[in-house]
Amino acid sequence: SVAAPVSQFPTAAQYATDYEAAFSDTAPPFSAQAYDSTGFCIAGILEAAIAAGGVPERAAVVEGVRGLPLLSALTGDFKFNEIGDPETATYFVLQANVADWNANELIERLEIAPPQ
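Thresholds, definitions, all that
- Residues numbered from 1 in each chain as written.
- Predicted model: local features only at pLDDT ≥ 70, side-chain atom pairs only at ≥ 80, totals over all residues.
- Heavy atoms only, no water.
- Core = buried A, V, L, I, M, F, W, Y, C linked by side-chain atoms within 4.5 Å.
- Buried < 20%, exposed > 50% of the residue type's maximum accessible area, 1.4 Å probe, protein only.
- Contact = heavy atoms within 4.5 Å.
- Patch = residues over 30% accessible without salt bridge, like charges linked within 9 Å, V, L, I, M, F, W, Y side chains within 5 Å.
- Areas by Shrake-Rupley, 256 points an atom, 1.4 Å probe, with all protein chains shown as cover.
- Salt bridge = Lys/Arg side-chain N within 4 Å of Asp/Glu carboxyl O.
- Helix = DSSP H or I, 4+ residues; strand = E, 2+ residues; numbered from the N terminus.
- Phe/Tyr/Trp six-rings, centres within 6.5 Å; stacked < 30°, edge-to-face > 60°.

Draft legend 1. Looking closely at the nonpolar core. Of all hydrophobic cores here, the largest spans nine residues; its members are A4, V6, F9, A12, Y15, A27, A32, L74 and F92. For L74, the contacting residues outside a window of four places in its chain are F9, T11, A12, Y15, A32, Y35 and D36. Core analysis: the next-biggest nonpolar cluster, separate from the first, contains six residues, F40, L68, A73 and F80 among them.

Here you go:
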């Protein structure tokens, strides 16, 4: 899978605690990735706005995201390549718990080059 339970991301512990406090539920699959993606977009927009001295054009935002340095996020460290994909793709081999996704057991975490 490209998603893992939030518990598989050690740096997401506070996020998981805050999520449960706010919503009285366990953080769902992909929520930590969505949180990180939003942060990347905001960082790219900010870079583009600074470079433009105001409201940036769409192309400048794309370049702003592509030009971001190594980012440490809830789900790991990210750097984007020239076409905007993460330089490393993360895949999770899980023993599935059909009744409770967050109880899945991580068998192996693979960090490889993303598909072309």
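Draft legend 2. Structural detail: a nonpolar patch on the surface. A cluster of nonpolar side chains, V93, I107, L110 and I112, forms an exposed patch at the surface whose accessible area comes to about 310 Å². No other element matches strand β4 (residues 105-112), which puts three residues into the nonpolar patch. Of note, V93 is situated in strand β3 (residues 89-95).

Draft legend 3. Here's a closer look at the packing of aromatic side chains. Scanning the entire structure with this criterion turns up five aromatic pairs. Centroid distance Y15 to Y35: 5.4 Å. Interplanar angle 55°. Geometry classified as tilted. With a gap of 20 residues between them, Y15 in helix α1 (residues 13-23) and Y35 in helix α2 (residues 31-52) connect regions that are remote in the sequence. Consider the rings of Y19 and F23, whose centres lie 4.7 Å apart with planes at 45°: the pair is tilted. In this pair, Y19 and F23 both sit in helix α1, four residues apart, roughly one turn of the helix. In this structure F23 comes out as exposed when scored by relative accessible area, which is 55%. Grouping aromatic residues by their ring pairs yields a cluster made of Y15, Y19, F23 and Y35.

Draft legend 4. Representation of the environment of G84. Relative to the assigned elements, G84 resides in the loop between β2 (76-78) and β3. As a C-alpha pair, G84 and V65 span 19 residues in sequence and 7.4 Å in three-dimensional space.

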